[in-house]
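Listed below are the residues making up each chain.
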Amino acid sequence: MVARHAYQTLAREFDWDLDCIDFFGTRRLLYVPDVTPEGFGVWFIAHSNFTSDNDPNEQWNNTIRGDYIFEEWLSPIPTYHKYLIRDASIRVVFAKQASGNYYFLGVYAVTNIEKNEKGNYVKTYERISTVYPMN
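Residues numbered from 1 in each chain as written. Predicted model: local features only at pLDDT ≥ 70, side-chain atom pairs only at ≥ 80, totals over all residues. Heavy atoms only, no water.

**Digging into the sheet that holds strand 6 (residues 102–115)**
Part 1 of the argument: With mixed pairing, the seven strands of this open sheet are ordered in space as 1-2-5-6-7-4-3. The sheet is open, and its two borders are formed by strand 1 (31–32) and strand 3 (60–65), each paired with just one other strand.
Part 2 of the argument: Pairing of strand 6 with strand 7 (residues 121–129), which is carried by eight bridges, proceeds in the antiparallel orientation. By the bridge assignment, Tyr-108 is partnered in strand 7 with Arg-127.
Part 3 of the argument: Running at roughly 150° to strand 2 (residues 41–45), helix 1 (residues 3–14) makes contact with strand 2, strand 5 (91–96) and strand 6 of the sheet. (Pairing = 2+ DSSP bridges. Helix = DSSP H or I, 4+ residues; strand = E, 2+ residues; numbered from the N terminus. Contact = heavy atoms within 4.5 Å. Axes fitted to C-alpha atoms, helices over the stretch in contact; angles between N-to-C directions.)

Structure below.
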């Protein structure tokens, strides 16, 4: 299921902002902050170690390990993406697996943003819930 269709289905079920559906189309970021009733963002991770160990994405590398997601920015950050580095929104996260389907990972919060030894920014997210909605 493509991210756009998944977002549309979930938005109707959970009362997320349907006006943001275009952010979940092909070759888009697949992330929008503040779209859930709780003010959480929604993130569909298309490229990660769940899809391939040799991901062709040249902008960032997403590694999912246990309760953590490590988002490493591989190239200089374009001006219009600089807000993403500082964005510490809580996110409802889905990841594409090798099958091509997206699966719910959980609700995540940013715990760290730093530069690594290569000079790349790395954001660390920690899972704060395995269910959504959290109540």
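We are not done yet, so read on.
**A word on the pattern of salt bridges**
Part 1 of the argument: Inspection of every chain in the model, using the stated rule, returns four salt bridges.
Part 2 of the argument: Arg-4 is the salt-bridge partner of Asp-22, the closest N and O atoms lying 2.9 Å from each other. One end of the pair, Asp-22, is in the loop between helix 1 and strand 1; the other, Arg-4, is in helix 1, and 18 residues separate them in sequence.
Part 3 of the argument: With a relative accessible area of 47%, Asp-22 lands in the partly exposed category.
Part 4 of the argument: Judged by relative accessible area, Arg-4 falls into the partly exposed class, the value being 34%.
Part 5 of the argument: A salt bridge links Glu-72 to Lys-118; its shortest N-O distance comes to 3.7 Å. Highlighted residues: Glu-72 in strand 4 (residues 68–73) and Lys-118 in the loop between strand 6 and strand 7, separated in sequence by 46 residues. (Salt bridge = Lys/Arg side-chain N within 4 Å of Asp/Glu carboxyl O. Buried < 20%, exposed > 50% of the residue type's maximum accessible area, 1.4 Å probe, protein only.)

**As for the side chain of Ser-129**
Part 1 of the argument: Of note, Ser-129 is situated in strand 7.
Part 2 of the argument: Apart from the residues within four sequence positions on either side, Ser-129 is in contact with Gly-106, Val-107 and Met-134.

**Remarks on helix 1**
Part 1 of the argument: Along its 12 residues, helix 1 runs 16 Å from first to last C-alpha, staying within 8% of the 16 Å computed at 1.5 Å per residue.
Part 2 of the argument: Turning to helix 1, its buried residues number three or more, namely Ala-3, Ala-6, Tyr-7, Leu-10 and Ala-11. Each buried residue of helix 1 lies within a common arc of 130° when the element is viewed along its axis, so the set occupies one face. Across from the buried face of helix 1, at angles greater than 90 degrees, the exposed residues are Arg-12 and Glu-13.
Part 3 of the argument: Those residues of helix 1 hidden inside the fold are in contact with strand 2, strand 5 and strand 6.
Part 4 of the argument: In the segment just after helix 1, Asp-15 is the residue with positive phi, at about 65°. (Expected span 1.5 Å × (residues − 1). Arc of directions from axis to C-beta.)

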